[in-house]
Amino acid sequence: MGTISLKNVRKAFGEAVIIPGADLEIKDGEFIVFVGPSGCGKSTLLRLIAGLEDLTSGQILIDGEDVTDVPPAKRGLAMVFQSYALYPHMSVRNNIAFGLKMAGMPKSDIDAKVAKAAATLNLADYLERKPRQLSGGQRQRVAIGRAIVRQPKCFLFDEPLSNLDAALRVNMRVEIMQLHQQLDATMVYVTHDQVEAMTMADRIVVLNKGIIEQVGSPLDLYNKPNSVFVAGFIGSPKMNLISGAVAVKHTAATIGIRPEHIALLGTGGDVQGTIVLTEHLGSDSFLHVDAGEAGRLTVRAPGDYLGKPGQAVSLGFDKARIHRFDSQGKVLV
Amino acid sequence: MATQQTRSIGRIAVAPSVLALFLWMIVPLAMTIWFSFLRYNLLDSNPACSLMTPAALLDEANRCLAGTTNYYYFLTDPAFFKAMRNSLLLVFWVLVISVAGGTLLALLLDQAIYGRNIVRLMVIAPFFVMPTVSALVWKNMMMHPVQGFLAWITKSMGLGAIDWFAHYPMTAIVIMVSWQWLPFATLIILTALQSFDEEQKEAAQMDGTPPFSFFWYMIVPHLARPVTVVILIETIFLLNVFAEIYVSGSGGRAGNLPFLVYQYGLISNDIGGASAGGIVAVVLANIVAFFLMRMIGKNLEG
Amino acid sequence: MARAVSTRRKLFFTALSWTIAFLIFFPVLWTVLTSFKTEGEAVSIPPTFLFFDWTLENYAVVQERSDYVKFAMNSVYLALGSTLLALLIAIPAAWAMAFAPGKRTKDLLMWMLSTKMMPPVGALIPLYLVFRDLKLLDSHVGIIIVLMLLNLPIIIWMLYTYFKEIPGEILEASRMDGASIGKELIYVLAPMAVPGIASTVLLNIILAWNESFWTLTLTTKDAAPLTQFIASYSSPEGLFWAKLSAASTMAIAPILVLGWFAQKQLVRGLTFGAVK
Ligand SMILES: Nc1ncnc2c1ncn2[C@@H]1O[C@H](COP(=O)(O)OP(=O)(O)OP(=O)(O)O)[C@@H](O)[C@H]1O
Ligand SMILES: [Mg+2]
């Protein structure tokens, strides 16, 4: 079991209201990702769940039980910190075993569990080393190992990959996802990287200035963003957001259309423009097009597209894929 | 950063320290204030006056309560003025010598020299010498008018011997105490100099900043903070110099306020008078601390 | 890369600083040298520098006549006792102020600093009387408590500045791992802070060892440390310079050695973390 519910959770540091009121139901075994720009309160929300911060008001339930006033140690959760927060004076083995020792588990059981975790995480050869003798990726695995041995109801990750280089990040991402399948445990994962969010999550929670903008599966958010904020945040390259006359034509304050939903036509498209820049990724090319009153648009083209900067293009929007938003930024249905 | 729960535990965790320091600060001070209004001499034949209970005091009120007499006597005692002057002179001159000397010495030691670590060790040594030792070493082996090392030097130069502690006791004490505190000032200013960003120095050189401007606009502001810290800390300790004067036996002419209070209390057994003196010392320290804290508050915030 | 310094300049500064350093160090050196001389040679004019009959006799006499070892042991008891006792209550306090600060933590720290400004003479008389009545005069316990209180603010400040450098997340991780606050302190914070705690201990041993207001006024013989031992050499009839030097050398040597090791920490401790 590992369900978490937030009921009208509010958090303020003195005068500054960071989380004005959040409601959320996290299901057992779910991989849920909090995503949002820097400073929007992701870590704060996670730390509230962990019990490292007090709620200003509201309630947190774990497995239906009110844990609002329960100290972190007793919530049955495990957390992986951005800085790894390994105990620098302990060997890898002791780092992983610490939580079990604190729980008063017999030594033989501890050894067995540590060995198992180390095998899972490919750490068996490093057990006697100190954290400073490990690479970034290995440290990250130790931090995860420390979390999994305790068989928590739920794992909390706070941007665990942000200190790793790009290649390692992709590997670790896959490892964490496999771990999730193996352990079948609830995971709450904070990131500001929307690619991580899209690839890992069962459901994504998009936060903006402490407010939950939208909760849904990655494809839901991708296909049906319910605000300009979500539309702009999810997807890479970003969705084109157009306001002004072009939007008015679609009876909206703002319309959004993704680069892959714009076709390059010879003539007769919705808007005309000139290519400013092309980015060739191999599989695709992305064109930056100056489209007059529609502004600068990003358009996806085939990998072997040959258009050069300066060339005039005509762009056709896929009508069914146009997102319409009102002046408050909310979606119009 | 922390939850209510850890904060409450935190309060429990600081409680013993706060309580201990609070008692340490308040109880003796309150008692000193109390005594300072009593006619209280350990040699007094009237034992009731040495009982601290209010009841006993009320009984014998007219005989034991001294009102402000103790203060009157202490403040009008010619010894008080001398002690006060000596206290301030000592603080002033030692500060001047140690801060000025310490700055120059630190600047020197910050240069590229051979064997800097050994030089540093030698310079710091006096700070670790316990005050009683330095008093005896200076009084006898350095400044003794017949067999002292300084006497030998002055005599070899044909100047004749100086009997430092007999003729210039205050100067002797200032020299001795400066010797103890110069290393402290040097060490702190040197540490601050060495933390001066090497890149900043290079940037200034690239800009062609002349050495004097560099010193004035870069080094001096950088030293403001450590120098204020040195002044603060030395002042605290210098106002309370005692052992050097006591052990060198120069309390008669170079005695400062702490020494005078000691004399009143533990030599003359005049508890009331000594307490009044103690309160005067506290007031003096607080005046100094007030100005220092203001000066330093500005410097430490940044 | 620092600018290349011309050799002449370097030699000049070297000569200058060695000369000054030597002059500053001279009284200490002279004391040590004199301690190996005979009494006659100690007062000879002109003074002898290295070419005299080296003797260890003074050390033996000092021990025999005034029982150096007893005083030295007292110094050790007082310095260690007061430091450890202070550490015991200072570690939790510094932990709380560094990791669970409240609105008034800064003020509390400043207040602790301000207790150091209280002149000892303001407390001398009552403390002397209270100690007399409680039979604490010249007792180890009494002086240990006084020295502990005297150095407590410095210990708390030093620990506080060291603890501040430890990332709070590591302590939070231990909390997530199920450690109680006590275990967090013992198994996580203390071992991580070992260097800081060691420096704190070192500095405070030095300060307690050299403390010579309270040790001179509140002890006479049973609990008297080396400060008092040396003071007893100030009586004119007991003045034998070679022996005085031997006694002084023995009184300062341990702390001189410790102090040389603790230079860096000393700066930090004595400036309440303001200069590192
Ligand atoms: N202890 C605190 N006291 C006061 N304000 C705080 C505290 N902790 C966080 N904040 C503020 O709360 C806001 C949200 O912080 P939080 O760390 O949750 O952001 P985040 O979404 O995790 O950002 P990032 O992606 O940069 O980690 C920030 O504006 C921050 O300044
Ligand atoms: Mg964060």
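Attention now moves to the overall build of chain B. Within chain B, the regular secondary structure consists of 16 helices and zero strands. In chain B, which comprises 302 residues, the proportion classed as buried is 52%. Long-range contacts, defined as pairs at least 24 residues apart, comprise 72% of the intrachain contacts of chain B with a sequence gap of at least 6. With an accessible surface of roughly 13,400 Å², chain B has 68% of that area assigned to carbon and sulfur atoms.

For ligand 1, the set of nearby residues contains 11 residues, the closest of which are Ser38, Gly39, Lys42, Ser43 and Thr44 of chain A. Near ligand 1, the surrounding residues are drawn from chains A and B. Thr44 of chain A is positioned such that a nitrogen or oxygen atom in its side chain is 2.5 Å from an oxygen atom of ligand 1. Between ligand 1 and Glu159 of chain A, the relevant distance is 3.1 Å, taken from an oxygen atom to a side-chain nitrogen or oxygen of the residue.

With 107 residues of chain C in contact, the opposing surface of chain B contributes 96 residues. On the chain C side of the contact with chain B, Ile24, Met117 and Trp241 of chain C bury the most area, a combined 8% of that side's loss. For the interface between chain C and chain B, the tally reads zero salt bridges. A total of 20 residues in the side of chain C that touches chain B trace back to one element, the largest contributor, which is helix α1 (residues 7–34) of chain C. A class-by-class count of the residues in the side of chain C that touches chain B yields 79 nonpolar, 18 polar and 10 charged.

Moving on, we come to the interface of chain A and chain B. Listed by partner, the interface residues are seven residues for chain A and five residues for chain B. In total, about 420 Å² of surface goes out of reach between chain A and chain B, with carbon and sulfur atoms giving 35% of it. The three residues of chain A that bury the most area against chain B are Glu53, Asp54 and Pro71 of chain A, which together make up 64% of that side's buried surface. Connecting chain A to chain B are zero salt bridges. In this assembly, chain A and chain B are joined by zero residue pairs in polar contact (both at pLDDT 80 or more).

Counted under the stated rule, the structure contains 14 salt bridges over all chains. With a closest N to O distance of 3.1 Å, Glu53 of chain A and Arg47 of chain A form a salt bridge. There is no split in this pair, since Glu53 of chain A and Arg47 of chain A are both buried. One salt bridge in this structure joins Glu172 of chain C and Arg47 of chain A, with 2.6 Å as the shortest N-O distance. Of this pair, Glu172 of chain C sits in helix α8 (residues 168–176) while Arg47 of chain A sits in helix α1 (residues 42–50), placing the two residues on different chains. Residues Glu172 of chain C and Arg47 of chain A agree in their burial class; the two are buried. Counted as one network, the salt bridges with shared partners bring together Lys27, Glu30 and Arg203 of chain A.

Residue and element names in this part refer to chain A. Relative to strand β2 (residues 16–26), strand β1 (residues 4–13) is paired through seven bridges, and the arrangement is antiparallel. Counted as the bridge partner of Phe13 is Ala16 from β2. Between the end of β1 and the start of β2, which pair antiparallel, lie two residues, with Gly14 showing a positive phi angle near 60°. By the bridge criterion, five bridges tie β1 to strand β4 (residues 57–62) in an arrangement that is antiparallel. Across the sheet, Lys7 pairs through a bridge with Gln59, a residue of β4.

Looking now at the sheet that holds strand β15 (residues 284–290) of chain A. The pairing of strands in a sheet comes from backbone hydrogen bonds and takes either a parallel or an antiparallel form. Residues and elements named next belong to chain A. In spatial order, the strands read β13-β17-β14-β15-β16; together these five strands make up an open sheet with antiparallel pairing. Either end of the sheet is taken by a strand with one partner, and the two such strands are β13 (262–265) and β16 (296–302). Direction aside, neighbouring strands of the sheet carry axes that sit 50° apart on average. Relative to strand β17 (residues 312–317), strand β14 (residues 271–280) runs antiparallel, the two being bridged by four bridges. Pairing of Thr274 across the sheet is with Ala312, part of β17.

All names here are of chain A. The four strands lie next to each other as β2-β1-β4-β5, forming an open sheet whose pairing is antiparallel. Each end of this open sheet is capped by a strand with a single partner; those strands are β2 and β5 (65–66). Each of β1, β2 and β4 touches α1; the most contacted strand, β1, lies at about 120° to it.

Right, let's get into the side chain of Thr219 of chain C. All names here are of chain C. Position of Thr219 relative to the elements: it lies in the loop between α11 (214–218) and α12 (226–231). From its side chain, Thr219 meets the backbone oxygen of Thr215 in a polar contact 2.5 Å long. In contact with Thr219, other than residues within four places in its own chain, are Asp138, Ile143, Trp214, Ala224, Pro225 and Gln228.

Moving on: helix α10 (residues 169–194) of chain B. Each turn of an α-helix holds 3.6 residues, which means side chains three or four residues apart point in the same direction. Residues and elements named next belong to chain B. With 26 residues, α10 should reach 38 Å at 1.5 Å per residue; the first-to-last C-alpha distance of 38 Å fits that figure. Of all the bends in α10, the greatest, near 30°, is centred on Trp179, and the proline Pro183 appears no more than four residues after it. Burial runs high along α10: 23 of the 26 residues are buried.

Before going further, it helps to spend a moment on the packing of aromatic side chains. Inspection of the entire model under this criterion finds 38 aromatic pairs over all chains. With a centroid separation of 5.1 Å and 40° between ring planes, the pair formed by Phe71 of chain C and Phe229 of chain C is classed as tilted. Taken together, the residues span a long stretch of sequence, with Phe71 of chain C in helix α4 (residues 68–99) and Phe229 of chain C in helix α12 at a distance of 158 residues. With respect to class, Phe71 of chain C is no different from Phe229 of chain C; both count as buried. Among the aromatic residues, those joined into a cluster by ring pairs are Trp24, Phe242, Tyr246, Phe259 and Tyr262 of chain B together with Phe213 and Trp214 of chain C. The ring of Tyr222 of chain A has Arg258 of chain A lying over it, and the distance from NZ or CZ to the ring centre is 3.8 Å. Positioned above the aromatic ring of Phe71 of chain C is the side chain of Lys70 of chain C, whose terminal nitrogen or guanidinium carbon lies 5.2 Å from the ring centre.

What follows deals with the pairing of strand β11 (residues 240–243) of chain A. Residue and element names in this part refer to chain A. Covered by surrounding structure in β11 are Asn240 and Ile242 only, the residues Leu241 and Ser243 on the alternate face being uncovered. Of the pairings in the sheet, the one linking β11 to strand β12 (residues 254–257) comprises four bridges and is antiparallel in character. When the sheet's bridge partners are listed, Asn240 is paired in β12 with Ile257.

Once that is clear, we can look at the nonpolar core. Of all hydrophobic cores here, the largest spans 238 residues; its most connected members are Leu156 of chain A together with Trp95, Phe163 and Trp214 of chain C. What Phe163 of chain C contacts, discounting residues up to four positions off in sequence, is Ile91, Ala94, Trp95, Ala98, Phe99, Leu189 and Ala193 of chain C. Listed in part, the 45 residues of the second largest apolar core include Ala78, Ala117, Val142 and Met172 of chain A.

So, about the side chain of Thr44 of chain A. Looking at where Thr44 of chain A falls in the secondary structure, it is placed in helix α1. If near-sequence neighbours (up to four positions away) are discounted, Thr44 of chain A is found in contact with Lys11, Phe13, Ile18 and Ile19 of chain A.

On to the domain arrangement of chain A, then. Residues and elements named next belong to chain A. When its domains are assigned, chain A resolves into domain 1 (4–229) and domain 2 (237–325). Computed over C-alpha atoms, the centres of domain 1 and domain 2 are 38 Å apart. Each partner contributes residues to the interface: domain 1 has seven residues there, and domain 2 has seven residues. Across the domain 1/domain 2 interface, buried area totals approximately 560 Å², and carbon plus sulfur atoms make up 60% of it. A per-residue breakdown of the area domain 1 buries against domain 2 is headed by Tyr222, Pro225 and Val228, which together make up 79% of the total. At the junction of domain 1 with domain 2, the criterion picks out zero salt bridges. Counting the contacts that link domain 1 with domain 2 gives two residue pairs in polar contact (both at pLDDT 80 or more). For the side of domain 1 that touches domain 2, the residue count by class is four nonpolar, three polar and no charged.

With that settled, consider unusual backbone geometry. Residues and elements named next belong to chain A. A cis amide bond links Ser236 with the next residue in sequence, Pro237, at an omega value of -5°. With respect to the helices and strands, the residue Pro237 is situated in the loop between α8 (228–233) and β11. One non-glycine residue, Asp63, adopts positive backbone phi at about 50°. In this fold, Asp63 is placed in the loop between β4 and β5. For Asp63, a relative accessible area of 25% corresponds to the partly exposed category.

Conventions we followed
Starting from 1, residues in each chain are numbered consecutively following that chain's sequence as written. Lettering of chains starts at A and numbering of ligands starts at 1, both following the order in which they are written. Predicted model: local features are reported for residues with pLDDT of at least 70 only, side-chain atom pairs are reported and counted for 80 or more only, and whole-chain, interface and lining totals are derived from all residues. Side-chain numbers come from the whole structure's heavy atoms, not from hydrogens or water. Under the scheme used here, helices are H or I runs from DSSP no shorter than 4 residues and strands are E runs no shorter than 2 residues, and both carry numbers assigned from the N terminus. Exposed residues in this analysis have more than 50% of their type's maximum accessible area, buried residues have under 20%, and partly exposed residues fall in between, with area computed by a 1.4 Å probe over protein chains only. Any two residues whose heavy atoms approach within 4.5 Å are treated as being in contact. Residue-level accessible areas treat just the shown protein chains as cover; the underlying method is Shrake-Rupley with a 1.4 Å probe. For this description, a residue counts as near a given molecule or strand if any of its non-hydrogen atoms is within 4 Å of it. Whenever a nitrogen or oxygen atom comes within 3.5 Å of another N or O atom, the pair is scored as a polar contact, on the condition that within protein one atom can donate a hydrogen and the other can accept it, and that pairs from neighbouring residues in sequence are kept only if both atoms are in side chains. Buried area: the accessible area, evaluated with a 1.4 Å probe, that two parts lose upon being put together, summed over both parts. In what follows, salt bridge is the name for a side-chain nitrogen of Lys or Arg lying within 4 Å of a carboxyl oxygen of Asp or Glu. Gly is put with the polar residues, along with every residue not named as nonpolar or charged; the nonpolar set is Ala, Val, Leu, Ile, Met, Phe, Trp, Tyr, Cys and Pro, and the charged set is Asp, Glu, Lys and Arg. Only strands that DSSP links by at least two bridges are regarded as paired with each other. To obtain each axis, a line is fitted to C-alpha atoms, and for helices this fit is confined to the stretch in contact; angles are then taken between N-to-C directions over 0 to 180 degrees. Here a helix's expected span is defined as the number of its residues, less one, multiplied by 1.5 Å. For a residue, the bend is simply the angle between two axes, fitted respectively to the seven-residue segment ending there and the seven-residue segment starting there. Aromatic rings from Phe, Tyr and Trp, taking only the six-membered ring of Trp, are treated as a pair when their centres fall within 6.5 Å; an angle between ring planes under 30 degrees marks them as stacked, one over 60 as edge-to-face, and anything in between as tilted. Think of it as a cone above the ring: NZ of Lys or CZ of Arg counts as a charge over the ring if it is within 6 Å of the ring centre and within 35 degrees of the ring normal. The nonpolar core is taken to be a set of buried Ala, Val, Leu, Ile, Met, Phe, Trp, Tyr and Cys residues, with the residues joined through side-chain atoms within 4.5 Å. Each domain's limits were defined by an automated method or a database of domain assignments.

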